[in-house]
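Structural description and commentary
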Amino acid sequence: MSTASPALQHHVSLRPYNTFGIDAHARLFAAFGSAEELRALLQLPEVQTAPKLVLGGGSNLLFTQDFDGVVLKNEIRGLETLDEQADGTVLVRAGAGESWHGLVEYALGQGLSGLENLSLIPGTVGAAPLQNIGAYGVELKDAFEYLEAVEISSGQLRRFSREECGFGYRESVFKGLLRGQYIVTGVVLRLHRRPQANTSYGAIRTTLEEMGVTEEPTPQQVSQAVISIRRSKLPDPAQIGNAGSFFKNPEVSQAKFDALKAQYPELPGYPVPGGVKVPAGWLIEQCGWKGHRAGEGRYGVHDRQALVLVNHGGATGHEVRALAEEIIASVREKFGIELHPEVNII
């Protein structure tokens, strides 16, 4: 039985579909709610020949120009428990168009742990494995079992294991070797019935103490602490346009870190394989950017978190990118460290 493809729209504003609130336009636009609808869209001649951009929540994008191709909005829904093992591990499947935080809330509601440190991260489930989202000592790969994705060229559905995804720090094979070749339709995660709280990173432990939690915290309590921390630091995109953390935290060699630490004793760092991870927000703040506003106040750097670039209203993507380049140059000059955007710049 053939599946009718969703309607293609022409010259659609993308402002409602990106959390920066940049008013770029797509030459073609369509939303899909299933793998079958996606396949039908991919068979349309107009879609086959056009450059393609897949949108989830639009929370990790900066548009610097109109998109002269087709934007495909992923709206595949569904949350379900697939399997529970005797050891208390549980497989949970989520449609790629579900909100990431919605999945976290679903897991907590099912009494499952593993995602609580990733609470309130914006965006959709389908975008999460592309850059191996992470926060507060936990990354997506820690809970990842497999994903399902449609190959754009053939329409075939393929399953990718954790190893095949090639996860790294904010990286996966879908940002490298297989970039632009697949569209994620569903993600399956391995969660735990027995709580396995991770409170070692950042301010989680302090926040739990402030909440009056003195015993081993529940996953719900860890989630509440993470949400409290994020809300205290990060602006709500519904109020101020932003894409969350704009830059990746750089990793430097131990020797480089030791030399900088001697010069800047307050420099924070977290050991990682092969070196030390340094908070980009701290570096940017030391260069005087925190709270900076430009373009007659239309855009700038958030006043509570220097890692976040903001659109106060009416900024262009070109302006935000130029600001990011100025920040990168100043950090390079002061610390000899190269920052790289976490946000995808279109």
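Structure's up top.
Here's a quick rundown of the structure. Given the structure is predicted, the values throughout are model-derived calculations rather than measurements.

Conventions used here
- Residues numbered from 1 in each chain as written.
- Predicted model: local features only at pLDDT ≥ 70, side-chain atom pairs only at ≥ 80, totals over all residues.
- Heavy atoms only, no water.
- Buried < 20%, exposed > 50% of the residue type's maximum accessible area, 1.4 Å probe, protein only.
- Helix = DSSP H or I, 4+ residues; strand = E, 2+ residues; numbered from the N terminus.
- Pairing = 2+ DSSP bridges.
- Phe/Tyr/Trp six-rings, centres within 6.5 Å; stacked < 30°, edge-to-face > 60°.
- Contact = heavy atoms within 4.5 Å.
- Axes fitted to C-alpha atoms, helices over the stretch in contact; angles between N-to-C directions.

Quick look at the pairing of strand S13 (residues 241–245) now. Of all the five residues making up S13, four are buried; the element is thus mostly covered by neighbouring parts of the structure. Bridge count between S13 and strand S19 (residues 308–311): three bridges; the pairing is antiparallel. What sits directly across from Ser245, in S19, is Val308.

Bringing the packing of aromatic side chains into the picture now. Aromatic rings in a pair are described by how distant their centres are and how their planes are angled relative to each other. If you walk through the whole model with that rule in mind, you get eight aromatic pairs. Relative to Phe246, the ring of Phe20 has its centre 6.3 Å away and its plane inclined at 75°; by these criteria the two rings are edge-to-face. Here Phe20 is found in the loop between strand S1 (9–13) and strand S2 (25–32), whereas its partner Phe246 is found in the loop between S13 and strand S14 (251–252), with 226 residues between them in sequence. An aromatic cluster of three or more residues is present, and its members are Phe20, Phe246 and Phe247.

One non-glycine residue, Asn132, lies in the positive phi region at around 45°. Inspection of the secondary structure assignment puts Asn132 in the loop between helix H3 (100–109) and strand S8 (134–135). Residue Asn132 is classed as buried on the basis of its relative accessible area, which comes to 0%. The phi dihedral of Tyr136 falls on the positive side, at around 50°, and the residue is not glycine. Secondary-structure assignment places Tyr136 in the loop between S8 and strand S9 (138–139).

What the four strands build is an open sheet, ordered S13-S19-S18-S17; its pairing is antiparallel. In this open sheet, the two edge strands, each paired with only one partner strand, are S13 and strand S17 (293–294). Relative to strand S18 (residues 299–301), S17 is paired through two bridges, and the arrangement is antiparallel. When the sheet's bridge partners are listed, Arg293 is paired in S18 with Gly300. Against the sheet, helix H9 (residues 317–335) makes contact with S18 and S19, and its axis sits at roughly 30° relative to S18, the strand it touches most.

For the rest of this paragraph, the subject is the sheet that holds strand S11 (residues 157–161). Taken in spatial order, the five strands line up as S6-S7-S12-S10-S11 in an open sheet, and their pairing is antiparallel. Only two strands of the sheet have a single partner each, and these edge strands are strand S6 (79–84) and S11. If you compare each strand with its neighbour and ignore which way they point, the axes differ by 25° on average. Examined bridge by bridge, strand S7 (residues 89–95) and strand S12 (residues 182–192) share seven bridges and lie antiparallel to one another. Note on S12: the bridge partner recorded for Arg93 is Val188. Packed on one face of the sheet, H3 meets S6, S7 and S12 and runs near 45° to S6.

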